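# Observations on chain architecture
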Amino acid sequence: MSATLSEATQASFVRHPIRLTLNGQARELHVLPWTTLLDLLREQLDLVGSKKGCDHGQCGACTVLRNGKRINACLTLAVMCDGAELTTIEGLANGDQLHPMQQAFIKHDAFQCGYCTPGQICSAVGLANEGRAQTGGQISELMSGNLCRCGAYNNIRDAIEEALPLCQQGGDQ
């Protein structure tokens, strides 16, 4: 079923209440059972930073953080996020102060077209939270679920390598 059924058709289905913290703000929402987190974010909450690339969990353009761990929002039902703390690309910065990972991506020119960048950055912050990557090779392997059609992988790896210690020290989302 599509999350874009007519309002009359949607009215015949039971909406499920969920409570979550989204980018630091408590939210209570009512969602249809088949609504993906990505559709909720983009279509209902107007948070369009996370991209719909493949819609099959293979490209990573939709990556967001749930309780600090990276997930594919296109494969996650919104009802699965009840009680969770979610962070999207829009929630990483602190006002005008960019997150260290965002700063590193800019410094290292780790984007070209920019389509994959929000997912890459969220995934990199999740990677920092995991604390498993110590080398450039490990970063490349652990970021392999995030594709970049422009091929900016070397710059992405360099940005992550620089920002990892800053993110791990600060305990960022």
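As a reminder, the structure under discussion sits directly above these lines.
Just so it is clear, the structure is predicted and the values come from calculations on it, not from any experiment.

Our focus in this paragraph is the packing of helix α3 (residues 100-107) against helix α4 (residues 117-130). Where α3 meets α4, the axes come as close as 10 Å, and the angle between the chain directions of the two elements is 130°. Taken together, α3 and α4 sit at an angle that is classed as oblique. Pair α3 / α4 crosses with right-handed handedness. Facing α3, whose interface residues are M101, Q102 and F105, α4 presents T117, Q120, I121, A124 and V125. Of the residues assigned to the contact of α3 with α4, the class counts are five nonpolar, three polar and no charged.

Turning next to unusual backbone geometry. Phi at D46 takes a positive value of approximately 60°, unusual for a residue other than glycine. Its place among the elements puts D46 in the loop between α2 (37-44) and β3 (63-66). For D46, a relative accessible area of 61% corresponds to the exposed category. Despite not being glycine, D55 shows a phi value in the positive range, around 65°. Its location among the elements puts D55 in the loop between α2 and β3.

Under the defined criterion, the tally for this structure stands at one aromatic pair. Taking the centre distance of 4.8 Å and the plane angle of 90° together, the rings of F13 and W34 count as edge-to-face. Here F13, found in the loop between α1 (7-11) and β1 (16-22), pairs with W34, found in the loop between β2 (25-31) and α2; they are 21 residues apart in sequence, far enough to count as distant. According to the relative accessible area criterion, F13 is partly exposed, its value standing at 30%.

Taken together, the five strands give an open sheet; going across it, the order is β2-β1-β5-β3-β4, and neighbouring strands pair in mixed fashion. With partners counted over all chains shown, the strands left at the sheet margins are β2 and β4 (69-72), one partner each. Going across the sheet, the axis of each strand differs from the next one's by a mean of 40°, ignoring polarity. Sheet topology places β1 next to strand β5 (residues 85-87); two bridges connect them, and they run parallel. Paired with L22 across the strands is L86, a residue of β5. Contacting β3, β4 and β5, α4 crosses the sheet at an angle of about 35° to β3.

The rules behind these values
Residues numbered from 1 in each chain as written. Predicted model: local features only at pLDDT ≥ 70, side-chain atom pairs only at ≥ 80, totals over all residues. Heavy atoms only, no water. Axes fitted to C-alpha atoms, helices over the stretch in contact; angles between N-to-C directions. Helix = DSSP H or I, 4+ residues; strand = E, 2+ residues; numbered from the N terminus. Parallel < 35°, antiparallel > 145°, perpendicular 65-115°, else oblique. Left-handed = near helix turned anticlockwise from the far one by under 90°. Contact = heavy atoms within 4.5 Å. Nonpolar A, V, L, I, M, F, W, Y, C, P; charged D, E, K, R; others polar. Buried < 20%, exposed > 50% of the residue type's maximum accessible area, 1.4 Å probe, protein only. Phe/Tyr/Trp six-rings, centres within 6.5 Å; stacked < 30°, edge-to-face > 60°. Pairing = 2+ DSSP bridges.

By themselves these figures say nothing about function.
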